[in-house]
Amino acid sequence: MGLKMMRKTSYGFVMRSLLLYAGMPLLILILGNYPDRALYKEIISVINILAFCLLTGQIYWSRVNDFAVESLRARNLISLHNIVGYICVGVLFLHPFLLVLPRFFEKGISPGEALFTLLSTFSSKGVVLGIIAWLLMLVIGTTSVFRRKLPLRYKDWRAFHGLLSVLFIIVGTWHAIDLGRHAGVAMSCLFIIFTGGGVVLLLITEYAAGKLKKPELNNESC
Ligand code: HEM
C-alpha cells in the first residue's frame, strides 16, 4: 500500500473509531431527556462518560483486532492505544474528585467531607464497585508505565494486562450502570455493547485462538 493510501486508511480508521465510541454516547446524551443541571456538572459527566466509553474501545484498537492492525500498522496502533489509555485513565483517576468539585461552589458540606462520605459509603454496591474499578485501573496504569521494570516476560505481561483489563471494564461498567445518572436504558445498553463486544473479541482472539503464541505479536520493542 502506498504511503498516501496508508495515511488515508489510518485516518479513516481513527475517525470512524472515535465517531463510534465518542459520538454514540454524545448522541444519546443530546437526545436523552435528562433533568436540567448546572452546565459545569453536565460537562464533568460528559467528560467522564466519554473517557469511560473510549476506554472500553481500548480492546478494539489493540493488536487483538486484526482489522485495526491492518488499517493502522502495529506501531501507529500502539501509539493510539497508549495515548487514549493514558488520557482516559487520567480522567477517570480524577473522577471521584471531580464528583465533589461542585462542593467548592455550593453551600453545605466541604468537598473533603463529601469525598470522605462518598468513599466510606460501603453500604452502596455502586460505590464499592467504583472503588474496586478505580484500584484495578491504578494497577493497570502503573504496571503499564513500569512494564519494562517488572520481572515479567512480555507474553506474561500481556496476558496479565488483558485479564486485569477485562475484570476492570466489567466492574467499571456495572458501577456506571448502577450509579450513573445518565445510565438510562439506551446508555446502559451502549455500555454493555461496548464492553461485551471488546471482552468477547479479546477472549476469542487472545485466549481461545492462542494468539499469544504467535511470535510476531511477542514484540518487546513496542
Ligand atoms: C473511588 C472510585 C469511584 C467512585 C467513588 C465513583 C463514584 C461515582 C458516582 C457517585 C457516580 C454517580 C455520579 C452521577 O451520576 O452524577 C458515578 C458515575 C459514573 N462512574 Fe464512577 N466512581 C468511581 C470510580 C469509577 C471508575 C474507575 C470508572 C470507570 C470505569 C467510573 C465510571 C463512571 C461512569 C461512566 C459513571 C456514569 C456517569 C453518568 O452517568 O453521568 N467510576 N461514579
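Keep in mind that this is a model prediction, so the values were computed, not measured.

J.: Got a sec to walk through the pattern of salt bridges? Specific residues and values, please.
T.: Summed over the entire model, instances satisfying the criterion amount to four salt bridges. Salt-bridge contacts for glutamate 42 lead to arginine 37; the nearest nitrogen and oxygen are separated by 3.0 Å. Residue arginine 37 is classed as partly exposed on the basis of its relative accessible area of 26%. Notably, a salt bridge pairs glutamate 106 with lysine 41, separated by 2.7 Å at the nearest N-O pair. In this pair, glutamate 106 sits in the loop between helix H4 (74-99) and helix H5 (111-119) while lysine 41 sits in helix H2 (residues 39-56), placing the two residues 65 residues apart along the sequence.

J.: A description of the confidence of the model for the protein should follow, citing residues and the corresponding values.
T.: With 89% of its residues at a pLDDT of 70 or more, the protein shows a mean pLDDT of 87. Of all helices and strands in the protein, the one with the weakest mean pLDDT is helix H3 (residues 66-72) (80), whereas helix H6 (residues 125-145) scores best (96). Taken as a whole, residues 215-222 scores under 50 in pLDDT and shows 20 contacts with residues more than four places along the chain or in a different chain.

J.: Outline the site of the ligand, listing residues and values.
T.: In the vicinity of the ligand, 23 residues are found, and the nearest of them are His95, His175, Gly180, Arg181 and His182. Contact between the ligand and histidine 175: a nitrogen atom at 2.8 Å from a side-chain N or O atom of the residue. Residue histidine 182 places a side-chain N or O atom 2.6 Å away from an oxygen atom belonging to the ligand. Elements supplying a minimum of two residues to the shell around the ligand: H2, H4, H5, H6 and helix H7 (154-179). By residue number, the principal contributor to the shell around the ligand is H7, which donates five residues. Partitioning the shell around the ligand into residue classes produces 14 nonpolar, eight polar and one charged.

J.: Please provide a residue-by-residue account of the packing of aromatic side chains, values included.
T.: Scanning all chains against the criterion turns up 11 aromatic pairs. When the centroid spacing of 5.8 Å and the interplanar angle of 20° are considered together, the rings of phenylalanine 13 and tyrosine 60 count as stacked. Here tyrosine 60 lies in the loop between H2 and H3 and phenylalanine 13 lies in helix H1 (residues 3-31), a separation of 47 residues in the sequence. What makes phenylalanine 13 buried here is its relative accessible area of 1%. Here tyrosine 60 falls in the partly exposed class, since its relative accessible area comes to 25%. Taking the centre distance of 4.9 Å and the plane angle of 80° together, the rings of phenylalanine 52 and phenylalanine 191 count as edge-to-face. Of the two residues, phenylalanine 52 sits in helix H2 while phenylalanine 191 sits in helix H8 (residues 185-208), which places them 139 residues apart along the sequence. We note that phenylalanine 52, like phenylalanine 191, is buried. Clustering of aromatic rings is evident, with ring pairs tying together Phe13, Tyr21, Tyr60, Trp61, Phe67 and Phe194. Of note, arginine 147 hangs over the ring of tryptophan 157, and the distance from its end group to the ring centre comes to 5.0 Å.

J.: Describe the coordination of the iron atom of the ligand, and please don't skip the residues or the numbers.
T.: Four donors placed tetrahedrally about a metal ideally form angles of 109.5 degrees, and six donors placed octahedrally ideally form angles of 90 or 180 degrees. For the iron atom of the ligand, the protein coordination sphere consists of His95 (NE2) and His175 (NE2), at 2.0 Å. Here the iron atom of the ligand is ringed by six donor atoms whose angles at the metal span 88 to 180°, and the overall shape comes out octahedral. Here histidine 95 is found in helix H4, whereas its partner histidine 175 is found in helix H7, with 80 residues between them in sequence. Taken as a pair, histidine 95 and histidine 175 share a single burial class, namely buried.

J.: Got a sec to walk through the nonpolar core? Specific residues and values, please.
T.: Most often, soluble globular proteins have nonpolar side chains that are buried together. Core analysis: the biggest nonpolar cluster contains 39 residues, and Phe13, Phe52, Trp61, Leu80, Phe168, Met187 and Phe191 have the highest contact counts within it. When residues of this core are traced back to their parent elements, those giving at least two are H1, H2, H3, H4, H6, H7 and H8. With sequence-adjacent residues up to four places away left out, phenylalanine 13 is seen in contact with Tyr60, Trp61, Phe67, Ala68, Ser71, Leu72, Leu77 and Leu80.

J.: Can you tell me about the environment of isoleucine 169, naming the residues and giving the values?
T.: In this fold, isoleucine 169 is placed in helix H7. Exposure remark for isoleucine 169: the relative accessible area of 5% places this residue in the buried category. Distance in space between the C-alpha atoms of isoleucine 169 and threonine 195 is 6.6 Å, their sequence separation being 26 residues.

J.: Could you give an account of the side chain of histidine 182, with specific residues and numbers?
T.: With respect to the secondary-structure elements, histidine 182 resides in the loop between H7 and H8. Leave out the neighbours within four places in its chain, and histidine 182 touches Leu29, Tyr34, Arg37, Glu42, Ser45, Ile49 and Met187.

What counts and how
Residues numbered from 1 in each chain as written. Predicted model: local features only at pLDDT ≥ 70, side-chain atom pairs only at ≥ 80, totals over all residues. Heavy atoms only, no water. Salt bridge = Lys/Arg side-chain N within 4 Å of Asp/Glu carboxyl O. Buried < 20%, exposed > 50% of the residue type's maximum accessible area, 1.4 Å probe, protein only. Helix = DSSP H or I, 4+ residues; strand = E, 2+ residues; numbered from the N terminus. pLDDT = per-residue confidence, 0-100. Contact = heavy atoms within 4.5 Å. Near = heavy atom within 4 Å. Polar contact = N/O pair within 3.5 Å; in protein donor to acceptor, adjacent residues only side chain to side chain. Nonpolar A, V, L, I, M, F, W, Y, C, P; charged D, E, K, R; others polar. Phe/Tyr/Trp six-rings, centres within 6.5 Å; stacked < 30°, edge-to-face > 60°. Lys NZ or Arg CZ within 6 Å of the ring centre and 35° of its normal. Donors = N, O, S within 2.8 Å, 3.2 Å for Na, K, Ca; no water. Tetrahedral: all angles 85-135°; square planar, octahedral: opposite > 155°, others 65-115°. Core = buried A, V, L, I, M, F, W, Y, C linked by side-chain atoms within 4.5 Å.

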